[in-house]
Amino acid sequence: MSVSLMQGDDFSTKIKPVLQQNCLACHNPANSRSRIDFLKAETASDLEKKRLLWRDVAIQLRNRTMPPGVAAAKLSEEDRLRVGTWIEDRLRETACSTGEFAGNVPPRRLNRREYHNTIRDLFGIDINVGDLFPADESGGAGFDTNGETLYIPPMMLERYMEAAQKILDRVVYTPYFSKLMPGHKLKINEEMSFETEVFVPGQYNLKVSIDRPKDRPVDVAVMVDGILGSQLHYPRDSDGGATTRIHIANLDRGTHRFTIVNQDHPVNFYSLTVEQKPEPPSAEKLALHHRLFGIEAGEAPIDPHGFARRLLAGFLAKAYRGPVEKSEVDRFYAIFNRAAERGGPYEESLKLALKGVLVSPRFLFRAEERANAKGMHPVSQYDMASRLSYFLWSTMPDEELLHLAAQNKLQDPAVLAEQVDRMIDHPRSRAFANAFVGQWLGTNEVGGRVVPLLTELQQYYTPEVAAQLREEPVMFFQHILNGGRSLLEILNGNYTFMTARLAKFYQVEDKVKTPLTDSFQRVEWPDERRAGVLGMASVLAMTSHYKMGSPVLRGAWVLDSLLGTPVPPPPPNIPTLEEAAKSEKGLSMRQILANHRANAACSSCHNLMDPIGYSLENFDWMGRWRDTETNGKALDVTGSLPSGEKFNGPVELRQVLVQRKEEFLRHVTNKMLGFALGRSLQDGDQCTVQRLVDHLEKQNYNARVLVREIVLSTPFRNYDDVLVPTVTAAPKREKPKLLGTK
């Protein structure tokens, strides 16, 4: 019997009766006031007519948001998970029945990582301005590339202005500022004020020049922006002529008001000179200025206005990641021209126009071209260049991508495949590995919000070790990707990348054969107990409580992060594991969890999570190996799943996970496709996911093949004219089926 027929029988005999029993009171199709009419379905094929509605039904069941109130207690956890899983399986298996689907990527701003890298490649500087911005939210597939969460709060506009000024001050050399303001004779207690604009923050000499006092000493007060700066004393001097005293002031960028106040004797006040204290520019700044302007720092162009227009045209094309219209150049040239008319330094006038570019929507956002016609359309050439570069490099397209876009070659499958290989082999692909792995596995916050640095652990857990623990899974994944190795090595690769510090942390200094230094080197584990990411301390420490490993967190992490089976939140009024451990002192973790599972509302999920976590109990709360409980008793690391698989310890658990490779590969594909597209995956995307998984199986699960096929896929190369609404309350991950169910 085919799978579809079996599922059809299941719907009428095992699925619909549960839904009718628990949902009919509110969603009776015979009631004209009932708007949610999913119970009209008679056969499994009826689900395909309202796929989004049934996707929402599965999500509401899994998240325990339906049925509500007292009715929720009547639906057993086993039935809740079984029905939700069946619906999701059915929708996944019939995903291709709706035809080709591309979806629509919303306009989105550059996230902090992309902004940093784009500024780096645009100006040639590595300047950390990302800290000015709030942390990026993640959504959809769980990544900070998701356009649905990359909105701009009002404070961001000010931060972008501040960042742009900081960047341009670092790059553009402005000649030393000096301005002389003439005075006149001042009576007793008379004052004279001047205003001038300062362009470079720093120390300035305020030189106050007066006629030498012949009969008695003279005191003159200097005020800056209404605040007394100093009293300048001029002793009696019968020689005649001008004499000068200096007040040193720290001035910020902007317009300042300087006031000279005569005090007790008339004086001939000649002039006030505001002069920047000389400080030779660094070699880096001279080089950056030349890179941007094409002329030496301080050098005046022969045709200043023509030079400014040409510079802005070239800069805009780079910053906007594609061709620009003349009207766009004119807009920013007008900013330069108005500033130049005010008489400021030439470089500062250009800097103001460049600042306008850096805070413009077309630079800060990736808003793709759209056709004025319904249907599916190919992504434009320059938008394709940006999709590729921000997917694999987290930065703007390089010259080769832009050149291919200009030649209309970036929809050619052969060209795209060639570019994917080139970009993976480039060192910039490290940005992809770091962003994808750190967010997928959750290890990017180790040493910070997660697993903070503690004094009591400093003999082996230092800031350097924390940074290297974050780096270990990234290098592991990049090795798999660059080498075109099997994605299954994420589960069972019996090697890692290690330094001397990590060897000490893992307590294997004398066991690894490779001589280690402070640099990462590929090493084989001395045995199989740490193979794959499950043996990495960053994962194990992240899924623990303080001084207490957590089988629940670890089991949930394996289900969620490796198999795409998110565990629903616990029912209300259930005590946490930490609270249970305090109240049940003397019991082993296995005994505490056995008591916890006695609650029927908890057992269905814990029967899935806990056995997985038990098998990882050889790793303590920091991910270091142990053979006994904290009380000295021998560890019991055996476990079994409801489907019958039994295992003893991490090695055998890993073997079970490899047997579930289809679920793992589908989940990795879901994650990477969501990361690449920058949007939540929708029901129509599951057809693409299944095709990618089928192709992977034919190519020995090659990691490079997955990246290449994502780039060649329909949703990456196309868009639909109408944004398909996403399901509300969507979980972070979609799943094929629950681990441990038949």
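Bear in mind that the values here come from a model prediction, so they are computed numbers and not experimental data.

**Q** Kindly report on the overall build of the protein chain, identifying the contributing residues and their values.
**A** Secondary structure assignment for the protein chain yields 28 helices and 21 strands. Looking at the protein chain as a whole, 53% of its 742 residues are labelled buried. At a minimum sequence separation of 6, the contacts of the protein chain that also span at least 24 residues come to 73%. For the protein chain, the accessible area works out to roughly 33,100 Å², and carbon and sulfur atoms hold 51% of it.

**Q** So what's going on with the packing of aromatic side chains? Which residues, and what values?
**A** Each pair of aromatic rings is reported with the distance of its centres and the angle of its planes. What the rule picks out here adds up to 34 aromatic pairs. Judged by centre distance (6.5 Å) and plane angle (45 degrees), the ring pair of Phe307 and Tyr346 falls under tilted. A residue pair is termed long-range when its members are at least 10 positions apart, and Phe307 in helix α8 (residues 304-319) and Tyr346 in helix α10 (residues 346-358) qualify at 39 residues. By relative accessible area, Phe307 is classed as buried at 13%. Taken together, the aromatic side chains of Phe143, Phe391, Phe432, Phe436, Trp440, Phe477, Phe675 and Phe716 make up a single cluster linked through ring pairs. We note Arg522 situated over the ring of Tyr495; from NZ or CZ to the ring centre the distance is 4.0 Å. Over the face of the ring belonging to Phe505 we find Arg624, whose NZ or CZ atom lies 5.8 Å from the ring centre.

**Q** Which residues make up the sheet that holds strand β4 (residues 191-198), and what values go with them?
**A** The 4 strands lie next to each other as β4-β9-β6-β7, forming an open sheet whose pairing is antiparallel. With partners counted over all chains shown, the strands left at the sheet margins are β4 and β7 (227-234), one partner each. Strand-to-strand twist of the sheet, defined as the mean angle between neighbouring strand axes without regard to direction, takes the value 20 degrees. The sheet contact formed by strand β6 (residues 218-224) and strand β9 (residues 254-262) spans 5 bridges and is antiparallel.

**Q** How would you explain the side chain of Arg624 if you had to name every residue and give the values?
**A** Its place among the elements puts Arg624 in the loop between α23 (600-614) and β19 (638-640). Among buried Asp, Glu, Lys and Arg side chains, Arg624 stands out as unpaired, with Asp620 the closest opposite charge at 4.7 Å. Within the structure, Arg624 has its side chain in polar contact with the backbone oxygen of Phe505 (distance 2.9 Å). Sequence-distant contacts of Arg624, defined by excluding residues within four places in its chain, comprise Tyr460, Lys504, Phe505, Gln507, Arg530, Asn618 and Phe619.

**Q** Can you tell me about unusual backbone geometry, naming the residues and giving the values?
**A** With phi around 55 degrees, Asp225 is a residue other than glycine that occupies positive phi space. Assessed through its relative accessible area of 40%, Asp225 is described here as partly exposed.

**Q** Could you give an account of the state of the cysteines, with specific residues and numbers?
**A** Applying the stated criterion across every chain, the model contains 1 disulfide. Each sulfur of the disulfide joining Cys96 and Cys687 lies 1.9 Å from the other. Classification of the bridge connecting Cys96 and Cys687 rests on its S-S torsion, roughly 100 degrees, and on that basis the disulfide is right-handed. In this pair, Cys96 is assigned in the loop between α4 (77-93) and β1 (108-109) and Cys687 in helix α26 (residues 685-698), connecting sequence segments 591 residues apart. In this structure Cys96 comes out as partly exposed when scored by relative accessible area, which is 37%. We classify Cys687 as buried; its relative accessible area is 5%. Sulfur of Cys23: no disulfide; nearest cysteine sulfur belongs to Cys26 and is 8.4 Å away. The exposure class of Cys23 is buried, given its relative accessible area of 12%. Note on Cys26: relative accessible area 55%, which makes it exposed.

**Q** Explain the side chain of Asp683 to me, and be specific about the residues and the numbers.
**A** You can see Asp683 is positioned in the loop between α25 (661-677) and α26. At 2.2 Å, the side chain of Asp683 and the side chain of Arg51 are in polar contact. Here the side chain of Asp683 touches Arg55 through a polar contact of 2.7 Å, side chain to side chain. Ignoring sequence-local partners within four residues, the contact set of Asp683 consists of Arg51, Leu52, Arg55, Leu91 and Ala95.

**Q** Describe the packing of helix α15 (residues 430-441) against helix α16 (residues 463-482), naming the residues involved and giving the relevant values.
**A** Between two packed helices, the angle of one axis relative to the other and the distance separating the axes together describe the packing. The interhelical angle for the contact between α15 and α16, taken along N-to-C directions, is 120 degrees, at an axis separation of 9 Å. Classified by the angle their axes make, α15 and α16 are oblique. Two packed elements cross with a definite hand, and for α15 against α16 that hand is right-handed. Of the residues in α16, those touching α15 at Arg430, Phe432, Ala433, Asn434, Phe436, Val437 and Leu441 are Glu471, Pro473, Val474, Met475, Phe477, Gln478 and Leu481. Considering only residue class, the contact of α15 with α16 consists of 10 nonpolar, 2 polar and 2 charged.

**Q** Give me the lowdown on α26, citing residues and values where you can.
**A** Here α26 spans 21 Å end to end across 14 residues, near enough to the 20 Å set by a 1.5 Å rise per residue. Taken residue by residue, α26 has Asp685, Gln686, Cys687, Thr688, Val689, Leu692, Val693 and Leu696 as its buried positions. Summarising the contacts, the buried residues of α26 are in contact with α2 (51-62), α25, α27 (703-712) and α28 (714-717). Just downstream of α26 lies Asn700, where phi reads positive at about 55 degrees.

**Q** Run through the packing of α25 against α26, naming residues and quoting values.
**A** Relative orientation of the contacting elements α25 and α26 amounts to 125 degrees, with a least axis distance of 9 Å. Here α26 runs oblique to α25, going by the angle between their axes. Note that α25 runs across α26; the crossing there is right-handed. Contact residues: α25 offers Glu662, Leu665, Arg666, Thr669, Asn670 and Leu673, while α26 offers Gln686, Thr688, Val689, Gln690, Leu692, Val693, Leu696 and Glu697. Classifying every residue of the contact of α25 with α26 gives 6 nonpolar, 5 polar and 3 charged.

**Q** I'd like a description of the pairing of β6, backed by residues and values.
**A** Counting buried positions over the 7 residues of β6 gives 5, a clear majority of the element. Of the pairings in the sheet, the one linking β6 to β7 comprises 7 bridges and is antiparallel in character. Paired with Val218 across the bridge in β7 is Tyr234.

**Q** Account for α25, naming residues and giving values.
**A** When the terminal C-alpha atoms of α25 are compared, their 24 Å separation across 17 residues agrees well with the 24 Å that a helix rising 1.5 Å per residue should span. Within α25, 15 of the 17 residues are buried, which leaves it mostly tucked inside the rest of the structure. One or two residues past the end of α25 sits Gly678, with phi positive at roughly 70 degrees.

**Q** Describe the nonpolar core, naming the residues involved and giving the relevant values.
**A** One finds Phe391, Leu410, Phe432, Tyr461, Tyr506, Leu562 and Phe664 to be the most contacted residues of the largest nonpolar core, which totals 104 residues. Among the nonpolar cores identified, the runner-up in size contains 44 residues, and Phe293, Ile295, Leu350 and Tyr390 belong to it.

**Q** Residues and numbers for the environment of Leu311, please.
**A** Position of Leu311 among the secondary structure elements: in helix α8. Sequence separation between Leu311 and Gly294 is 17 residues; the distance between their C-alpha atoms is 8.9 Å. Beyond its immediate sequence surroundings of up to four residues, Leu311 is in contact with Leu292, Phe293, Leu350 and Leu354.

**Q** Lay out the confidence of the model for the protein chain in plain terms, naming residues and giving numbers.
**A** Taken over all residues, the pLDDT of the protein chain has a mean of 87, while the share at 70 or more is 90%. Counted against residues more than four places away or in other chains, residues 1-8, with its pLDDT under 50, gives 10 contacts. Here residues 723-742 is a poorly scored stretch, pLDDT under 50, and it has 72 contacts once near neighbours within four places are set aside; other chains count.

**Q** Tell me what's going on with the pattern of salt bridges, and back it up with residues and numbers.
**A** For the structure shown, the criterion picks out 44 salt bridges. Across the salt bridge formed by Asp683 and Arg51, the nearest N and O atoms sit 2.2 Å from each other. One end of the pair, Asp683, is in the loop between α25 and α26; the other, Arg51, is in helix α2, with 632 residues separating them in the sequence. With relative accessibility at 7%, the residue Asp683 sits in the buried group. Judged by relative accessible area, which is 6%, Arg51 ranks as buried.

Rules behind the numbers
For every chain, the first residue of the written sequence is number 1, and numbering continues from 1 onward in sequence order. Where local features are concerned, this predicted model is filtered to residues with pLDDT of at least 70; where side-chain atom pairs are given and counted, the filter is 80 or more; whole-chain, interface and lining totals use all residues. Calculated side-chain values reflect all of the structure's heavy atoms, with hydrogen atoms and water omitted. A run of H or I in DSSP counts as a helix once it spans at least four residues, and a run of E counts as a strand once it spans at least two, with each numbered from the N terminus. Remark: exposure states derive from per-residue accessible area (1.4 Å probe, protein chains only) relative to the maximum for the residue type, with buried under 20%, exposed over 50%, and partly exposed in between. When checking whether two residues touch, look at their non-hydrogen atoms; a contact exists if any pair is within 4.5 Å. Working definition of accessibility: Shrake-Rupley area with a 1.4 Å probe, residue cover restricted to the visible protein chains. In this analysis, rings of Phe, Tyr and Trp, with Trp reduced to its six-membered ring, are considered paired at centre separations within 6.5 Å, and the interplanar angle assigns stacked below 30 degrees, edge-to-face beyond 60, and tilted for intermediate values. When the NZ atom of lysine or the CZ atom of arginine is within 6 Å of a ring's centre and also within 35 degrees of its normal, the charge is said to sit over that ring. Here the rule is simple: two strands pair whenever DSSP picks up at least two bridges between them. Helix axes are fitted to C-alpha atoms over the stretch in contact, other axes to C-alpha atoms as well, and angles between N-to-C directions run from 0 to 180 degrees. None of His or the chain ends enter the tally, which takes Lys and Arg as positive and Asp and Glu as negative. Here, a salt bridge means any Lys or Arg side-chain nitrogen found within 4 Å of an Asp or Glu carboxyl oxygen. Residues adjacent in sequence count toward polar contacts only when both atoms are side-chain atoms; beyond that, a polar contact is any pair of N or O atoms within 3.5 Å, and within protein one must be able to donate a hydrogen and the other to accept it. When two cysteine sulfur atoms are found within 2.5 Å, that pair is recorded as a disulfide. Throughout, the term roughly parallel applies to angles under 35 degrees, roughly antiparallel to angles over 145, roughly perpendicular to angles from 65 to 115, and oblique to all others. Crossings are classed by handedness, with left-handed meaning an anticlockwise turn of the near helix from the far one by less than a right angle and right-handed meaning a clockwise turn. For this classification, the nonpolar set comprises Ala, Val, Leu, Ile, Met, Phe, Trp, Tyr, Cys and Pro, the charged set comprises Asp, Glu, Lys and Arg, and every other residue, Gly included, is treated as polar. The span you would expect from a helix comes to 1.5 Å times its residue count less one. Residues enter a nonpolar core if they are buried and are Ala, Val, Leu, Ile, Met, Phe, Trp, Tyr or Cys, with the set joined through side-chain atoms within 4.5 Å. By definition, pLDDT measures how confident the predictor is in each residue, and it falls between 0 and 100.

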